[in-house]
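Coordinate inspection notes
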Amino acid sequence: MTKPALMVLKGITKSFKNGQESLQVLKGIDLSVDEGDFVAIMGPSGSGKSTLMNIIGLLDQPTTGSYQLEGEDVADLSENRLAKVRNDQIGFIFQQFFLLPKLSAQKNVELPLIYAGKSPRERKQRAQQFLEKVGLSDRSHHLPSELSGGQKQRVAIARALAMEPEILLFDEPTSALDPQMVGEVLEVMGTLAKDGLTMIIVTHEMAFARDVAKHVIFMGDGVIVEEGTSHQIFEDPQKEQTKEFLSRFRNS
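Below is a short write-up of the structure. Keep in mind it's a predicted model, so treat the numbers as computed, not measured.

1. Some details on the pattern of salt bridges
One pass over the structure, following the stated rule, counts 13 salt bridges. For Lys 27, the salt bridge is made with Asp 221, and the minimal N-O distance between the two is 3.1 Å. With a gap of 194 residues between them, Lys 27 in strand S2 (residues 21–33) and Asp 221 in the loop between strand S9 (215–220) and strand S10 (223–229) connect regions that are remote in the sequence. Owing to a relative accessible area of 53%, Asp 221 belongs among the exposed residues under this scheme. In this structure, the salt-bridge partner of Asp 88 is Lys 84, at a minimum N-O distance of 2.7 Å. Residue Asp 88 and its partner Lys 84 are located together in helix H2 (residues 79–88), separated by 4 residues, close to a single helical turn. Exposure remark for Lys 84: the relative accessible area of 48% places this residue in the partly exposed category. What you see here is one network of salt bridges that share partners, running through Lys 107, Glu 110 and Arg 123.

In structure tokens form, the structure reads like this:
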């Protein structure tokens, strides 16, 4: 028996008021993500990628359309239930690291576990476990100011993992990093993908989509222009908009 999709979005639109005018950012998105999938969302600036990510992460609501998460219609969830799902089931990694400067790497990872009511012993164990997972056991007592950009982002990933979410969402996680540090984060995400963690990433970094992601979505002007496996999108794109976008990066 086929297992149902982890999340299903149908006819998702999103509009924002701009004075007297309405700006439609998403124009009817249909998307299905299976458990254990790694989805890369790509496209030019202004294509609606981050807006879609915010809706997937329950940080925003669509104007129209339906979103089912584990078979449950998100629109039917109370504010308390939405908050619990965000805290327990979804982990976020953003462009900025959002590390507290006066806390060590380990204490930064422990922080959400304090709010979750975990005991000091469990907080310490989980922090050590996931710092080791991202290759930072030897930096656990360092302050953020003593870490490189790649190391800071790996601490942020460990912090999200410590909550043991079902889904990890990455919004341009390497845009603030020097090129040589991107590889550090790519290696960690490759490990997580092999572990079967469900991940969705908004990125301009071709290596994430080409080398790690299972499913690539190319967006343009608020719609999904093309989607498929990484091989299909990178080796045999069908749409001119996708071809043009990829060629600009290949020739840069």
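2. Points about helix H1 (residues 49–56)
Because an α-helix packs 3.6 residues into every turn, residues spaced three or four apart end up facing the same way. Of all 8 residues making up H1, 6 are buried, and the element is well covered by its neighbours. Taken residue by residue, H1 has Lys 49, Thr 51, Leu 52, Met 53, Ile 55 and Ile 56 as its buried positions. In the stretch just after H1, Leu 58 is the one whose phi turns positive, near 65 degrees.

3. Here's the deal with the packing of helix H4 (residues 120–133) against helix H5 (residues 149–162)
Between two packed helices, both the angle of their axes relative to each other and the distance between the axes serve to describe the pair. One can describe the packing of H4 onto H5 by two numbers: an axis separation of 9 Å at closest approach and a directional angle of 130 degrees. Considering their axes alone, H4 and H5 lie oblique with respect to each other. Considering the relative orientation of H4 and H5, their crossing is right-handed. Contact residues: Arg 126, Phe 130, Leu 131 and Lys 133 in H4; Val 155, Ala 158, Leu 161 and Ala 162 in H5. Its residues placed into classes, the contact of H4 with H5 shows 6 nonpolar, no polar and 2 charged.

4. Considerations on the nonpolar core
In terms of nonpolar packing, the biggest core is built from 48 residues, with Ile 157 and Leu 168 touching the most fellow members. Of all the elements, helix H6 (residues 179–194) adds the most residues to this core, at 8 residues. With near-sequence residues (within four places) excluded, Leu 168 lies in contact with Gly 91, Ile 93, Ala 160, Leu 161, Leu 192, Leu 197, Thr 198, Met 199 and Ile 200. Counting residues in hydrophobic clusters, the runner-up holds 28 residues, among them Leu 6, Leu 52, Ile 56 and Val 202.

Rules behind the numbers
Residues numbered from 1 in each chain as written. Predicted model: local features only at pLDDT ≥ 70, side-chain atom pairs only at ≥ 80, totals over all residues. Heavy atoms only, no water. Salt bridge = Lys/Arg side-chain N within 4 Å of Asp/Glu carboxyl O. Helix = DSSP H or I, 4+ residues; strand = E, 2+ residues; numbered from the N terminus. Buried < 20%, exposed > 50% of the residue type's maximum accessible area, 1.4 Å probe, protein only. Axes fitted to C-alpha atoms, helices over the stretch in contact; angles between N-to-C directions. Parallel < 35°, antiparallel > 145°, perpendicular 65-115°, else oblique. Left-handed = near helix turned anticlockwise from the far one by under 90°. Contact = heavy atoms within 4.5 Å. Nonpolar A, V, L, I, M, F, W, Y, C, P; charged D, E, K, R; others polar. Core = buried A, V, L, I, M, F, W, Y, C linked by side-chain atoms within 4.5 Å.

Distances and angles like these do not, on their own, reveal function.
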